[in-house]
Amino acid sequence: MDGTRIASEIAAQPACWERAAALAARVGDALPDRGERVAVVGCGTSLFMAQAYAALREGSGHGETDAFAASEMPFARRYDRVLALTRSGTTTEVLDVLDRLRGAVPTTAITADPGTPVSASAGRVVALEFADEESVVQTRFATTLLALLRAHLGEDLAAAIADAAAAVADPLPPELLHAGQVTFLGRGWTVGIAREAALKLREAAGSWTEAYPAMEYRHGPISITGPGRAVWMFGGLPDGLAGQVAATGGTLRASAADPLADLVRAQRLAVARAEAAGLDPERPRHLTRSVILDAGA
């Protein structure tokens with residue numbers, strides 16, 4: 001990878017995941033207990049990580065888990081714990097949720113910067129300072145917080161970390177570097193991963209991307225695929241999908257790698273496409289590190 005700041009942050013992910021896996025046992029009392037009914041909130045990238053975690057937690061039998069954009073939190077629902085994901089610790093919508101729930105529901109925030117307002121708003125804080133980033137576009141913080149949560153669910157991350165190391169070093173597929181459009185697909189927890197991959201290419205490179213649950217792709221979105229366009233599946237391919245994509249003339253990418261590690265490749269692709277287009281992948285237009293709304297906005 002090149003020497004840009006975001007490239008260094010992407011390359012650091014295997015080491016960050018190792019640290020997160022070791023940290024999980026030490027902060028476990030701040031994270032959702034087995035059997036708790038949990039809501040997870042975030043904005044942008046953090047929302048997609050919330051969706052991935054919610055599917056993983058519920059699918060592994062740890063308890064009912066919902067994920068919401070912080071601005072859409074349904075306060076009338078009853079939860080045993082609310083988990084807030086915020087790299088900056090300053091996002092207005094996330095702080096609003098935590099402030100409204102203070103004293104009524106146990107809350108935990110995972111952040112990169114504990115010296116921010118989130119520490120006053122959340123009941124408990126888990127800080128991942130080692131995964132913080134200078135780039136506006138999130139990469140290692142998001143994947144590291146999901147690695148932490150996966151480890152807390154009891155997953156062994158050794159294979160995922162090895163896959164991430166390969167994803168940092170492997171050449172990028174040239175057909176994806178030049179694809180005119182990319183559709184990302186997932187199933188279960190990897191739907192959130194697919195949505196995050198699509199966001200990375202839109203943010204960093206201004207690329208035309210879409211993301212869907214894999215089975216829904218066949219109910220309309222497949223019509224956008226064709227020669228010079230690509231489909232990227234995170235996780236196992238549903239039966240028949242490869243043949244259907246081939247019939248469109250589009251390119252299909254699927255991998256046996258851990259889907260979170262495959263997201264690292266998508267991050268690298270976003271940077272490469274941005275640089276090829278003469279764009280700054282670290283400071284995309286219209287974006288800031290945190291969305292802080294004026295009162296009444």
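Nothing here was measured: the structure is a model prediction, and the numbers come from that model. (Residues numbered from 1 in each chain as written. Predicted model: local features only at pLDDT ≥ 70, side-chain atom pairs only at ≥ 80, totals over all residues. Heavy atoms only, no water.)

J.: Help me out: how do you make sense of the overall build of the chain in this one?
T.: The secondary structure content of the chain amounts to twelve helices and nine strands. Taking 2.2 N^0.38 as the reference for a compact globule, 297 residues should give roughly 19 Å; the C-alpha atoms of the chain span a radius of gyration of 19 Å, in line with that estimate. Each principal axis of the C-alpha atoms in the chain carries an extent, and together these give about 55 × 40 × 40 Å. Looking at the chain as a whole, 55% of its 297 residues are labelled buried. Put simply, of all contacts in the chain between residues at least 6 apart along the chain, 72% involve residues at least 24 apart. Split by element, the accessible area of the chain, about 12,000 Å² in all, is 51% carbon and sulfur. If the 28 positive side-chain charges of the chain are averaged to one point and the 35 negative ones to another, these points end up 2 Å apart. (Helix = DSSP H or I, 4+ residues; strand = E, 2+ residues; numbered from the N terminus. Rg over C-alpha atoms; globule rule 2.2 N^0.38 Å. Buried < 20%, exposed > 50% of the residue type's maximum accessible area, 1.4 Å probe, protein only. Contact = heavy atoms within 4.5 Å. Areas by Shrake-Rupley, 256 points an atom, 1.4 Å probe, with all protein chains shown as cover. Lys, Arg positive; Asp, Glu negative; His and termini not counted. Charge placed at Lys NZ, Arg CZ, Asp CG, Glu CD.)

J.: In this structure, what is going on with the packing of aromatic side chains? I would like to understand it.
T.: Two aromatic rings are characterised by how far apart their centres lie and by the angle between their planes. By the definition in use, this model includes four aromatic pairs. Consider the rings of F68 and Y79, whose centres lie 6.5 Å apart with planes at 70 degrees: the pair is edge-to-face. Here F68, found in strand β2 (residues 65-69), pairs with Y79, found in the loop between β2 and β3 (81-85); they are eleven residues apart in sequence, far enough to count as distant. Residues F184 and F234 carry aromatic rings whose centres are separated by 6.1 Å and whose planes lie at 25 degrees to one another, so their mutual orientation is stacked. Residue F184 is found in strand β6 (residues 181-186), and its partner F234 is found in the loop between β8 (229-233) and α11 (241-248); the two are separated by 50 residues along the sequence. (Phe/Tyr/Trp six-rings, centres within 6.5 Å; stacked < 30°, edge-to-face > 60°.)

J.: Quick question: what am I supposed to make of the packing of helix α2 (residues 13-24) against helix α7 (residues 158-169) here?
T.: Each pair of packed helices can be summarised by the angle the axes make with each other and by the distance between the axes. Close contact between α2 and α7 brings their axes to 8 Å; oriented N to C, the two are set at 165 degrees. By the angle between their axes, α2 is roughly antiparallel relative to α7. Here the hand of the crossing between α2 and α7 comes out right-handed. On the side of α2, the interface is formed by P14, W17 and E18, while α7 contributes A160, I161, A164, A165 and V168. (Axes fitted to C-alpha atoms, helices over the stretch in contact; angles between N-to-C directions. Parallel < 35°, antiparallel > 145°, perpendicular 65-115°, else oblique. Left-handed = near helix turned anticlockwise from the far one by under 90°.)

J.: Sorry, what's going on with the pattern of salt bridges here?
T.: Pairing of side chains with opposite charge becomes possible as their charged atoms draw close. Enumeration according to the criterion identifies 14 salt bridges in this entry. Among the ionic pairs, R77 bridges to D66, the shortest N-O distance being 3.7 Å. Residue R77 is found in the loop between β2 and β3, and its partner D66 is found in strand β2; the two are separated by eleven residues along the sequence. Taking the relative accessible area as the measure of exposure, D66 reaches 17% and is therefore buried. Several salt bridges share partner residues, and in doing so they unite D170, R253, D262 and R265 into one network. (Salt bridge = Lys/Arg side-chain N within 4 Å of Asp/Glu carboxyl O.)

J.: Whenever I open this one, helix α4 (residues 92-101) confuses me. Can you help?
T.: An α-helical segment advances 3.6 residues per turn. Residues three or four places apart therefore align on the same side. Three or more residues of α4 are buried, namely T92, V94, L95, V97, L98 and L101. At the C-terminal side of α4, G103 shows a positive phi close to 85 degrees.

J.: When you look at helix α6 (residues 140-152) in this model, what are you seeing that I'm missing?
T.: For α6, with 13 residues, the first-to-last C-alpha span of 18 Å sits near the 18 Å given by 1.5 Å per residue. Taking burial as the measure, the 13 residues of α6 include twelve buried ones, the bulk of the element. Downstream of α6 by a residue or two, G154 has a phi angle that is positive, lying close to 100 degrees. (Expected span 1.5 Å × (residues − 1).)

J.: So what exactly am I meant to see when it comes to the sheet that holds β2 here?
T.: To summarise the sheet geometry, strands pair through backbone hydrogen bonds and adopt either a parallel or an antiparallel arrangement. Across the sheet, five strands lie side by side as β2-β1-β3-β4-β5; this open sheet has parallel pairing. The open sheet terminates on both sides in strands that have one partner only, identified here as β2 and β5 (124-127). Taking each pair of neighbouring strands and ignoring which way they run, the sheet shows an average axis angle of 20 degrees. Two strands pair when backbone bridges link them, and strand β1 (residues 38-42) and β3 are joined in this way by four bridges, in the parallel orientation. The partner of V41 across the bridge, within β3, is A84. Lying over the sheet, α4 contacts β1, β3 and β4 (107-111), oriented at roughly 155 degrees with respect to β3. (Pairing = 2+ DSSP bridges.)

J.: Which parts of the structure should I look at to understand the pairing of β2?
T.: The two faces of a sheet get side chains in turn, since along a regular strand they alternate between them. In the sheet, β1 pairs with β2 via five bridges, with the strands oriented parallel. Directly across from A39, in β2, lies its bridge partner D66. Each parallel crossover has a hand, and the one from β1 via helix α3 (residues 45-59) to β2 is right-handed. (Right-handed = clockwise from strand over helix to strand, strands pointing away.)

J.: Could you clarify how one ought to interpret the sheet that holds β6 in this entry?
T.: Overall, parallel pairing links the four strands, which are arranged β7-β6-β8-β9 in an open sheet. The open sheet has two edge strands with one neighbour each: β7 (209-213) and β9 (251-254). The mean angle between the axes of side-by-side strands here comes to 20 degrees, regardless of whether they run parallel or antiparallel. Alignment of β6 against β8, held across five bridges, turns out to be parallel.

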